[in-house]
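The residues making up each chain are set out below.
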Amino acid sequence: LRSTTTTTMAAAVEPEQQPKIVIAGAGLHGAALAYFLTKRGAKPVVIEKKEVAAAASGKGGGFLARDWGSGPTVQLHKVSYALHAELAEELGITSYREIPVLSVEPGNRSKR
């Protein structure tokens, strides 16, 4: 997870003046944090006990639903869903695909 990418922020700050950023864990959150910090010109160091996505982050089935959730998480679901599509395109991930889903809610049963 070490990157050599530099941007304008990195150019504006001398390497010895850049803050040291250490990210503990190379799971979903740690890898994402390192990726987006690198895009902003930072050079974070990721430390991981075992390997990238070795625990829970590597066990998920990869399913993300845009319209599931309620209340304060609705906006987060929609933004996260769109971000996955953007990242897949940006990183050239060809295995990403949208799959239509059907949401079913229980209703009142009629007496027979």
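These numbers were taken from a predicted model, which means no experiment stands behind them.

We now examine the side chain of Thr38. With respect to the helices and strands, Thr38 occurs in helix H2 (residues 28-39). Under the relative-accessibility criterion, Thr38 is labelled buried at 8%. A distance of 2.7 Å separates a polar atom in the side chain of Thr38 from the backbone oxygen of Ala34.

Turning to a nonpolar patch on the surface, a few remarks are in order. A contiguous nonpolar patch, built from Val22, Val45 and Ile47 and spanning about 250 Å² of accessible area, is present on the exposed surface. Mapped onto the elements of the fold, Val22 is located in strand E1 (residues 22-24). Of the residues examined, Val22 reaches a relative accessible area of 58% and is grouped as exposed.

The next thing to look at is the packing of aromatic side chains. Within a pair of aromatic rings, the relevant descriptors are the distance that separates the centres and the angle that separates the planes. One pass over the full model with this rule turns up one aromatic pair. Between Tyr35 and Phe36, the aromatic rings sit 5.1 Å apart at their centres with planes inclined by 85°, giving edge-to-face as the arrangement. Among the residues examined, Tyr35 registers a relative accessible area of 24% and is labelled partly exposed.

Between the first and last C-alpha of H2 there are 17 Å, a value that for 12 residues agrees with the 16 Å anticipated at 1.5 Å per step. Looking at H2, one finds that the buried residues are Gly30, Ala34 and Thr38. Each buried residue of H2 lies within a common arc of 60° when the element is viewed along its axis, so the set occupies one face. Within H2, the exposed residues directed more than 90 degrees away from the buried face are Leu28 and His29. Tucked into the core, H2 has its buried residues touching E1 and strand E2 (45-47). Immediately beyond the C-terminal end of H2, within one or two residues, lies Gly41, with a positive phi of roughly 100°.

Here is what the cut-offs are and how they apply
- Residues numbered from 1 in each chain as written.
- Predicted model: local features only at pLDDT ≥ 70, side-chain atom pairs only at ≥ 80, totals over all residues.
- Heavy atoms only, no water.
- Helix = DSSP H or I, 4+ residues; strand = E, 2+ residues; numbered from the N terminus.
- Buried < 20%, exposed > 50% of the residue type's maximum accessible area, 1.4 Å probe, protein only.
- Polar contact = N/O pair within 3.5 Å; in protein donor to acceptor, adjacent residues only side chain to side chain.
- Patch = residues over 30% accessible without salt bridge, like charges linked within 9 Å, V, L, I, M, F, W, Y side chains within 5 Å.
- Areas by Shrake-Rupley, 256 points an atom, 1.4 Å probe, with all protein chains shown as cover.
- Salt bridge = Lys/Arg side-chain N within 4 Å of Asp/Glu carboxyl O.
- Phe/Tyr/Trp six-rings, centres within 6.5 Å; stacked < 30°, edge-to-face > 60°.
- Expected span 1.5 Å × (residues − 1).
- Arc of directions from axis to C-beta.
- Contact = heavy atoms within 4.5 Å.

That's the geometry; what it means functionally is another story.
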